[in-house]
Structure formats: structure tokens, C-alpha cells
Amino acid sequence: MNLNNICIILDHPDEARNIGSACRAMANSDIKELRIVGKKEDYDEEKVRILAIHAWYIFENAKFYSDIKEATKDCVLSAGTTRRRGKNRGRLILPEEFAEEADSIVEGKIALVFGNERTGLTDEQLDMCTMGVTIPTSNDFGSLNLSHAVQILCYTLFRKNLQDQHKDFRGYTPVTLDRIDSAVTCLTDNLQKIGFFKMPGREDMEQYWRNLLSRASMTEGEVQYLEKIFTKISGLSVKNQKS
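Cut-offs used in this document
Residues numbered from 1 in each chain as written. Predicted model: local features only at pLDDT ≥ 70, side-chain atom pairs only at ≥ 80, totals over all residues. Heavy atoms only, no water. Buried < 20%, exposed > 50% of the residue type's maximum accessible area, 1.4 Å probe, protein only. Helix = DSSP H or I, 4+ residues; strand = E, 2+ residues; numbered from the N terminus. Pairing = 2+ DSSP bridges. Contact = heavy atoms within 4.5 Å. Patch = residues over 30% accessible without salt bridge, like charges linked within 9 Å, V, L, I, M, F, W, Y side chains within 5 Å. Areas by Shrake-Rupley, 256 points an atom, 1.4 Å probe, with all protein chains shown as cover. Salt bridge = Lys/Arg side-chain N within 4 Å of Asp/Glu carboxyl O.

### Considering the pairing of strand β4 (residues 75-81)
Regular strands show a simple pattern: their side chains alternate between the two faces of the sheet. Where burial is concerned, most of β4 is hidden: six out of the seven residues are buried. Direction of pairing for β4 relative to strand β6 (residues 109-114): parallel, over a ladder of five bridges. Its bridge partner being in β6, L77 is matched across the sheet by I110. Pairing of β4 with strand β7 (residues 131-133), which is carried by three bridges, proceeds in the parallel orientation.

Here is the structure:
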């Protein structure tokens, strides 16, 4: 995914401070293109600057449009964000699903459209987009601050991009149970060498370590380090007994 092809569109935001916070949220995720439906003179630039901090350049380079249709005319995909569902709103996808969709597009601008803080996107405005995205929130208090919604969507795209660049970024692969059993043998062999338990107690000890290590979801490097610790303890114990 090319994050340079992602543009954030704010439709008539009320608060200049929210624009600044949105700029900062975008910068956190390496997304730099901001488009605003509205007039630049309607916003207090000093309030934008205070909240944007070092992301002020995003607002400086922002472009202004008369409506969503004009703001997205050079885009190949435009997703309107909404928390409200309805028969006229079609199928709304999750942020992660949108990231997958955006990732499948090799070339062309992709727009994420956010409505006004008070009203969100109307059905008419959502119709100007090619799809709808929703962020699941509490039924008791579902409204997100504009900049928070921008942050969540931008972060989702940013993380998807990281996964594409670094295939292991999704986390790590825990060792298999077979590898756990091998480690358990190493640990209990060394415990037995230092007289930690008698032979009849070995089976219980092995079961204990197997359960513990499997729940820990350890990496290969962590298992090897644990094996080295127990091997060294055993070696030092034998050495001390001889001296």
C-alpha cells in the first residue's frame, strides 16, 4: 500500500481545533494529504496550529472544495465513515476490511471521508462515496470525536502498510508443542542432575513445565535462552560439588 495515495477528507468540520488534531493523527500514520470541504477562511488557523503542533504543514498544504463529489473526483475509491446504519446506507465494512480493500488497489487516490462533528455524513453525502466504513462503538455512547475517528482509520491503514513491508510485523510465531517437549526434556534433565527431584517425581515436573511453557507462547529464541539458563545452573552445580 502506498500511503501517499491516501487522502483524508473532512466535510465542513465545525472546530478548527479538531482539524489540528486530525492533522496530528494523520502525521502519526504517515498520511499527509488533507482535503477539506468548506472555506479556508472559516477556520481559525491559530487554533489549528495549536493542536496540530508539528503536523501544521498538513493544514498548510490542505486543499479546499465545494462538496465531496468535487473533492473525490480524482480518486478511484472513496469511503464515507459513519456510525449510523440504515437501509439506505448499504453494507458498512470495518476499518480492517477497508484496509484490505485499499491495499488491493495498486495505483490511484483513495479517499476517506469524515462528516461534520455534530451531524456526521448525511445519506446524500454518503451516496457521493463508493462505500461506507464504520467503527464499532458502545451502544450507550457511540459518538467518536472527529480526530479520534481519523486516528483509528489512519492507524489501521498504517499498520496494514507495515505488515506489507515487514511480513513478520504481525507479531511472532510461538514454538510448537513438539519443541516445547524438547525444551521440557532439557529442563528436567538438568534439574535431575542437581538432585532437584527423585525419578518418581519427574513425570509431574515435566507436565508442569509443558503446561507453563505452552501457555507462555514462547518464541524459539526465548526457549533457547531458558534451556541455556538451566544447562548453566546444572553445570555450575556439578562443578561446585567437585570442588
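### What to know about the side chain of S147
Its place among the elements puts S147 in helix α7 (residues 146-165). S147 sits in the buried class, given a relative accessible area of 8%.

### Notes on the sheet that holds β7
Ordered in space as β3-β2-β1-β6-β4-β7-β5, the seven strands form an open sheet in which the pairing is parallel. Looking along the sheet, the strands with just one partner apiece sit at the ends: β3 (63-65) and β5 (92-93). As paired strands, strand β1 (residues 6-11) and β6 are joined by five bridges and run parallel to one another. In the strand pairing of β6, I8 is matched with L112.

### Here we look at the environment of F197
Within the secondary structure, F197 is located in the loop between α8 (177-193) and α9 (202-216). Taking the C-alpha atoms as reference, F197 lies 73 Å from E45; in sequence the two are 152 residues apart. Apart from residues lying up to four places away in sequence, F197 is in contact with T188, L191, Q192, R202 and M205.

### A short note on unusual backbone geometry
Its identity is not glycine, yet H12 carries a phi of approximately 45 degrees, on the positive side. Topologically, H12 is positioned in the loop between β1 and α1 (16-28). Phi is positive for I53, which is not a glycine, with a value near 55 degrees.

### Points about the environment of L226
Position of L226 among the secondary structure elements: in helix α10 (residues 220-242). A relative accessible area of 19% means that L226 is categorised as buried. Measuring from C-alpha to C-alpha, the distance between L226 and E97 comes to 39 Å, with 129 residues separating the pair along the chain. Setting aside anything within four residues of it in sequence, one finds L226 in contact with L187, L213 and M218.

### So, a nonpolar patch on the surface
A contiguous nonpolar surface patch, about 300 Å² in accessible area, is contributed by Y225, I229 and I233. Structurally, I233 is set in helix α10. On the basis of relative accessibility, which here comes to 42%, the residue I233 falls in the partly exposed class.

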